[in-house]
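Spelled out from the first residue to the last, the chains are:
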Amino acid sequence: MTAPARQPVYTRLVEGFGTVTITPVDPAADAALIHSWVSEERARFWGMAGADRELVREIYEDVDRRTTHHAYMVARDGERVALLQTYDCAEDRICECYEVQPGDVGVHLLIGPSGGRAERGFSAGLMTAFMAFVFSDGSVRRVVAEPDARNHKAVARLERSGFVLGPEIELPEIDLPEVHLPAKRARLAFLGAPVPLPQDR
């Protein structure tokens, strides 16, 4: 029997951009697409360039089993365009690199290939939906990003989205039977929760 398709956990209409839908990754169904994205040279900072499709599936099966780490496929008007991952900073290797505060949630973002059709405002439209989704959980007080320090495009994108840059850090290597993450030089960036308007209180 075929497992039922996973249902979206968040949908947002971004004015002038389209409808963004966020759905938990299905490792079996999504591994091929994710593999095609992470195998591209443009995704070298994602750190999975040498992984084959089966390893990609195993990695996201491991994420799927966790309660502190989550992975989502992101679609714009029905077309899958990005991979979003969130994690509890207190339960991640990043906790060794800065003073974690209550309500800190980390994010990783991989935007899929454009197919050669660059579109002005595309990244900004996605970021608007991503941040709205993350902050829709009332317990989140701050979003923490840690792109590779050499990934200047990602750092610039975060700055344009309102993140405040922090120091460079050295994320330690993790070498466990179920997961291996090499050490990484990263740049911290922080975005505080928006102040609610009076009618939102």
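The coordinates are above.
Residues numbered from 1 in each chain as written. Predicted model: local features only at pLDDT ≥ 70, side-chain atom pairs only at ≥ 80, totals over all residues. Heavy atoms only, no water.

## Some remarks on the sheet that holds strand β2 (residues 18-24)
So, step 1. An order of β1-β2-β3-β4-β5-β6-β10-β7 is seen for the eight strands of this open sheet, with the pairing classed as mixed. The outermost strands of the open sheet, each flanked by one partner alone, are β1 (10-14) and β7 (164-171). For this sheet the average axis-to-axis angle between neighbouring strands, irrespective of direction, equals 30°.
So, step 2. The pairing of β7 with strand β10 (residues 184-192) spans six bridges and is classified as antiparallel. By the bridge assignment, L171 is partnered in β10 with K184. (Pairing = 2+ DSSP bridges. Helix = DSSP H or I, 4+ residues; strand = E, 2+ residues; numbered from the N terminus. Axes fitted to C-alpha atoms, helices over the stretch in contact; angles between N-to-C directions.)

## Side note on unusual backbone geometry
Note: most peptide bonds trans; most residues except glycine with negative phi.
So, step 1. You will see that D77, though not glycine, has its phi angle at about 50°, which is positive.
So, step 2. Its location among the elements puts D77 in the loop between β3 (69-76) and β4 (79-88).
So, step 3. Owing to a relative accessible area of 54%, D77 belongs among the exposed residues under this scheme. (Buried < 20%, exposed > 50% of the residue type's maximum accessible area, 1.4 Å probe, protein only.)

## Some points on the side chain of T86
So, step 1. With respect to the element layout, T86 can be found in strand β4.
So, step 2. For T86, a relative accessible area of 10% translates into the label buried.
So, step 3. If sequence neighbours within four positions are ignored, T86 has contacts with T68, H69, H70, Y72, V105, G106, V107 and V134. (Contact = heavy atoms within 4.5 Å.)

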